Amino acid sequence: VRVPTPQVREVNAFVTTVLEHPTGKALVTELADGRKRLQAIPTNRNLFVQRTTCKTRYPLDLIQTILDVKEIGSLCDEISRDEDPTYVQRDLELGLLSYVSASAFEGKRILDFGCGSGASTSVLARMFPESHIVGTELSKEFLAVARQRLQYYGLSNVNLSHSPSGTDLQEGIGAFDFIILSAVFEHLLPQEREILVPKLWSVLKEDGYLFINQTPNRLWLIENHTTGLPLLNYAPNWLALEAARRCRFGPAKRYSPDSSWEFLLREGIRGGTKDEILTYLTNDSYSPVSLEPCRLGFRDNIDLWYSSSVPRGKRPVKAIMKGVYKAIKKATNLDLSPWLTLAFKKARTTR
Ligand SMILES: C[S@@+](CC[C@H](N)C(=O)[O-])C[C@H]1O[C@@H](n2cnc3c(N)ncnc32)[C@H](O)[C@@H]1O
């Protein structure tokens, strides 16, 4: 006698809400622990989605605002930048505290330059509750998201301001003890790097620190920020533009054949090098002291890259890469690791 197997009906006890946008929809499922699980479903299957899922504590109206501004392709990524402790938070903890102790930030003024939608600002405000943080941003839309985010957290040690142009700082912005470019340097256009970075350097106080992190290393073999294409970092601009326009696979497929070079620069196609950054830190009275991380057991940028990027299971490969980068650095003084996490101290020039 065959006993019929009972029909098991999956009962979803949790509520799922659908948030809509022309670029796609976000399925938001309430979880038992009070969080929500987000799934990003693009309208166009070919659209590049940086992260397709994430878990969040954000309220629905904040998620909808982020979806409206960052679109479906960046929704989960933008939320994770703030809430995932292994993302921007880990990069900032390692990138700042491997150079300077947390107590050095207490009561100080910190500039989060290019604060975007406020992910790095929220992380910094939580890391340093006794400091005053100023976030500046070029995009008014992103700043509006940042405001809503800070309101959600009830963070009161932050001020946000709009950059009047790509090469200017807000008038009367004041002087800072620490200036942080979290995933920003690569998005600066060449003339902005030349004009703006010296301005940032001029509003840094004597003995203050400039941190540049989450920036792709222009010397690395792969352009890993925007296109994922090997050797693009070494290609002249015209060739890099053609390659990005024509490539139909990987992250590069999101760029259309008529993308302009300026658009790709703004996207971050050109990373930086320590030597390039040093050329912008000019001032008659002050010199940049390029620091190596010396705290938390680190010795150089390669250690920082290794620590912040090692996913479980890939340790042996990364460990070999780390060994190779260290050997190249010892032999040539060149740092060929994929990402830069740099710190410069502003010291009075001695004559
Ligand atoms: C990848 S986002 C990083 C945002 C934020 N710092 C974070 O870590 O989440 C880079 C930001 O830099 C901003 N940006 C680029 N060039 C700028 C400029 N010249 N002045 C001010 N902000 C700029 C962009 O608008 C963008 O929001």
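Everything that follows concerns the structure shown earlier in this document.
Summary of the structure given here. Being a predicted model, the structure only gives us computed values, none of them experimental. (Residues numbered from 1 in each chain as written. Predicted model: local features only at pLDDT ≥ 70, side-chain atom pairs only at ≥ 80, totals over all residues. Heavy atoms only, no water.)

A look at helix H9 (residues 301–309)
- Counting buried residues along H9, seven of its nine residues qualify, which places the element largely inside the surrounding structure.
- Taken as a whole, H9 has its buried residues at Asn-301, Ile-302, Asp-303, Leu-304, Trp-305, Tyr-306 and Ser-308.
- Among the structural elements, helix H2 (88–97), helix H10 (315–332) and strand S13 (339–348) are those in contact with the buried residues of H9.
- With a side-chain oxygen positioned 3.1 Å from the backbone nitrogen of Ile-302, the residue opening H9 is Asp-300. (Buried < 20%, exposed > 50% of the residue type's maximum accessible area, 1.4 Å probe, protein only. Helix = DSSP H or I, 4+ residues; strand = E, 2+ residues; numbered from the N terminus. Contact = heavy atoms within 4.5 Å. Polar contact = N/O pair within 3.5 Å; in protein donor to acceptor, adjacent residues only side chain to side chain.)

Looking at the nonpolar core
- Leu-96, Phe-105 and Phe-211 are the most contacted members of the largest nonpolar core, which has 28 residues in total.
- Elements supplying a minimum of two residues to this core: H2, helix H3 (119–127), helix H4 (140–153), strand S7 (158–162), strand S8 (176–182) and strand S9 (204–216).
- Here the element with the most residues in this core is H2; it accounts for five residues.
- If sequence neighbours within four positions are ignored, Leu-96 has contacts with Phe-105, Leu-124, Met-127, Phe-128, Ile-180, Phe-211 and Asn-213.
- Grouped together as the second largest cluster of nonpolar side chains are 25 residues, Leu-169, Ile-173, Val-184 and Tyr-280 included. (Core = buried A, V, L, I, M, F, W, Y, C linked by side-chain atoms within 4.5 Å.)

Quick word on the sheet that holds S13
- With mixed pairing, the seven strands of this open sheet are ordered in space as S7-S6-S5-S8-S9-S13-S12. Edge positions in the open sheet fall to S7 and strand S12 (286–290), since each of these has one partner strand only. Strand-to-strand twist of the sheet, defined as the mean angle between neighbouring strand axes without regard to direction, takes the value 20°.
- Note: S12 against S13, five bridges, orientation antiparallel. If you follow Ser-290 over to S13, its bridge partner there is Phe-344.
- In the packing of H4 onto the sheet, the strands contacted are strand S6 (132–137) and S7, and the crossing angle to S7 comes to about 165°. (Pairing = 2+ DSSP bridges. Axes fitted to C-alpha atoms, helices over the stretch in contact; angles between N-to-C directions.)

Quick word on the site of the ligand
- Near the ligand lie 20 residues; those nearest to it are Arg-81, Gly-114, Ser-120, Glu-137 and Ser-182.
- One of the side-chain nitrogen or oxygen atoms of Glu-137 is found 2.5 Å away from an oxygen atom of the ligand.
- Protein contact buries 90% of the 600 Å² of open area that the ligand shows by itself.
- Class assignment for the residues of the shell around the ligand results in nine nonpolar, seven polar and four charged. (Near = heavy atom within 4 Å. Areas by Shrake-Rupley, 256 points an atom, 1.4 Å probe, with all protein chains shown as cover. Nonpolar A, V, L, I, M, F, W, Y, C, P; charged D, E, K, R; others polar.)

Everything listed here is a matter of coordinates, which is why it stays silent on function.
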